[in-house]
Structure formats: structure tokens, C-alpha cells
Amino acid sequence: MAQIRAIKYWGFVKAKKQLEPLGKLLRLSMQNMATLAFVNLSLFLDRVILAKYSNEALNASVSAGAIASSFIFSAIAVGSISEVFFSRTYGSDRPRDIGPILWQMVWFALMAACLFWGIAGFFSSSLIPTTDHSEMAITYFTWQMSIGFLPVIIAVLNGFFIGIQRFGMVLVAVVVT
């Protein structure tokens, strides 16, 4: 009887040790999923509010938002790759090398901001198709591109905190913004 209890106990310990990496992976992935979920939730709520206002405003936001999102989510994808560099550097016990990587990614986010502002200022009328609601679409596109660098900075900081295994900071930053 004692031998059966020992087998059950050691089997549980072995199973628990095998599931530990899965739990860590789940904690890591939840941070990224929460970040993108909050970005998409804000876009969804924006469209719900515009739909209550008028159908023309909703149509304008959908057409302009699709074009703006292609720029913004491309920069978010590049900013999210920073997580790999932070994790490798932290995992190889080189904490002094994390700072330059972080600043390089912050500079990337700021260059994306300049690019987005340039696109919003000079190319918004040529990127938005001419329709009966194109004036509202240009306004929406301009605002979307003007603040589009914020999700990029969030993605970079998300990669930093996940890379140095500070999981709680990411959720706090996502919920606050």
C-alpha cells in the first residue's frame, strides 16, 4: 500500500515538473495576447461609438482604419520581435547588453512615429479612396496615424518586460494605457 502511494506521489511530481514549462509559456503568451486584445478592443469600441453616431462615420472609420492598421500593425510586429533579443540577452546572463537593445527599439518606435506623422500629413488624401464620406475618412486616418506609434511603444515595452521575465508590469502597462 505504501508503495502504491509513493508511485502516485512521484508520478504527480514528475507530471508537475513536466508541466512547469507549459505554465511559463502560458504566462508569457498571455501578456502578448492581452496587449493585442486591448488594442483591438479599443478599435472595436471606437467603431461602436461611431456606429451610434452615424453610418457614414462608421464607413469612414472602417475604410480609413483598414489602411492605417496595415502600417501600425506592421510596426507592432517589428517591435514585438524585440522580445526575442531581450530574452536571449537576459537568458545568457548579459544584463548590461539589454539597455542598448531597449534604446534601439525605442528609437525604432520614435522613427515609426515620425513616419506615421509624415504619412498622415502628406499622403492621407491620396491613400483614402474618394467616396461620399472621404472627408471623414481622411480625418479619422490622420488621427489614427498620429497616435499609431503608441501601440508600437507598448509592443516594445511588452517585449522588454517579458524578455526580462517581469510579467506583472506588462499587464499593468496594458490596462493603464
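Described in the following lines is the structure provided in the data block. No experiment lies behind these values; they were computed from the predicted model shown.

**Description of helix α2 (residues 55–80)**
For α2, built from 26 residues, the straight-helix expectation of 38 Å at 1.5 Å per residue is met to within 8% by its first-to-last C-alpha distance of 35 Å. The largest bend in α2 amounts to roughly 30 degrees and is located at Ser69. Burial in α2 covers these residues: Ala57, Ala60, Ser61, Ala64, Gly65, Ala68, Ser69, Ile72, Ala75, Ile76 and Gly79.

**With respect to the packing of helix α4 (residues 98–122) against helix α7 (residues 149–163)**
Here α4 crosses α7 at 170 degrees, and the two axes come no closer than 9 Å. In terms of orientation, α4 lies roughly antiparallel with respect to α7. In this structure, the crossing between α4 and α7 has a hand that is right-handed. Here Ile98, Leu102, Met105, Val106, Phe108, Ala109, Ala113, Phe116 and Trp117 of α4 come into contact with α7, specifically with Phe149, Val152, Ile153, Val156, Leu157 and Phe160. By residue class, the composition of the contact of α4 with α7 is 15 nonpolar, no polar and no charged.

**A look at the nonpolar core**
Ranked by size, the top nonpolar core spans 23 residues in total, and within it Ala64, Ile72, Phe116, Phe141, Met145 and Val152 carry the most contacts. Those elements giving two or more residues to this core turn out to be α1 (2–53), α2, α4, α6 (134–146) and α7. Element by element, the count of residues in this core is highest for α2, at 7 residues. Setting aside residues up to four positions removed in sequence, Phe116 forms contacts with Phe71, Ile72, Ala75, Met145, Gly148, Phe149 and Val152.

**Side note on a nonpolar patch on the surface**
A cluster of nonpolar side chains, namely Phe38, Leu41, Phe44, Leu45 and Val48, defines an oily patch on the protein surface of about 440 Å² accessible area. Tracing the sequence through the fold places Val48 in helix α1. Residue Val48 is classed as partly exposed on the basis of its relative accessible area of 33%.

**Quick notes on the packing of aromatic side chains**
What the rule picks out here adds up to 3 aromatic pairs. The interplanar angle of 80 degrees and the centroid separation of 5.4 Å between the aromatic rings of Phe86 and Phe160 together place this pair among those described as edge-to-face. Residue Phe86 is located in helix α3 (residues 82–91), and its partner Phe160 is located in helix α7; the two are separated by 74 residues in the primary sequence. For the pair Phe86 and Phe160, one class covers both residues: buried. Following the ring pairs from residue to residue traces out a cluster consisting of Phe86, Phe160 and Phe161.

**Examining the packing of α4 against α6**
Their axes nearest at 8 Å, the elements α4 and α6 cross at an angle of 165 degrees. Classified by the angle between their axes, α4 and α6 sit roughly antiparallel to one another. With respect to the hand of their crossing, α4 and α6 are arranged in left-handed fashion. Counting all contacts with α4, which are made through Phe116, Trp117, Ile119 and Ala120, the residues of α6 involved are Phe141, Thr142, Met145 and Ser146.

Criteria and cut-off values
Residues numbered from 1 in each chain as written. Predicted model: local features only at pLDDT ≥ 70, side-chain atom pairs only at ≥ 80, totals over all residues. Heavy atoms only, no water. Helix = DSSP H or I, 4+ residues; strand = E, 2+ residues; numbered from the N terminus. Expected span 1.5 Å × (residues − 1). Bend = angle between axes of the 7 residues up to and from the residue. Buried < 20%, exposed > 50% of the residue type's maximum accessible area, 1.4 Å probe, protein only. Axes fitted to C-alpha atoms, helices over the stretch in contact; angles between N-to-C directions. Parallel < 35°, antiparallel > 145°, perpendicular 65-115°, else oblique. Left-handed = near helix turned anticlockwise from the far one by under 90°. Contact = heavy atoms within 4.5 Å. Nonpolar A, V, L, I, M, F, W, Y, C, P; charged D, E, K, R; others polar. Core = buried A, V, L, I, M, F, W, Y, C linked by side-chain atoms within 4.5 Å. Patch = residues over 30% accessible without salt bridge, like charges linked within 9 Å, V, L, I, M, F, W, Y side chains within 5 Å. Areas by Shrake-Rupley, 256 points an atom, 1.4 Å probe, with all protein chains shown as cover. Salt bridge = Lys/Arg side-chain N within 4 Å of Asp/Glu carboxyl O. Phe/Tyr/Trp six-rings, centres within 6.5 Å; stacked < 30°, edge-to-face > 60°.

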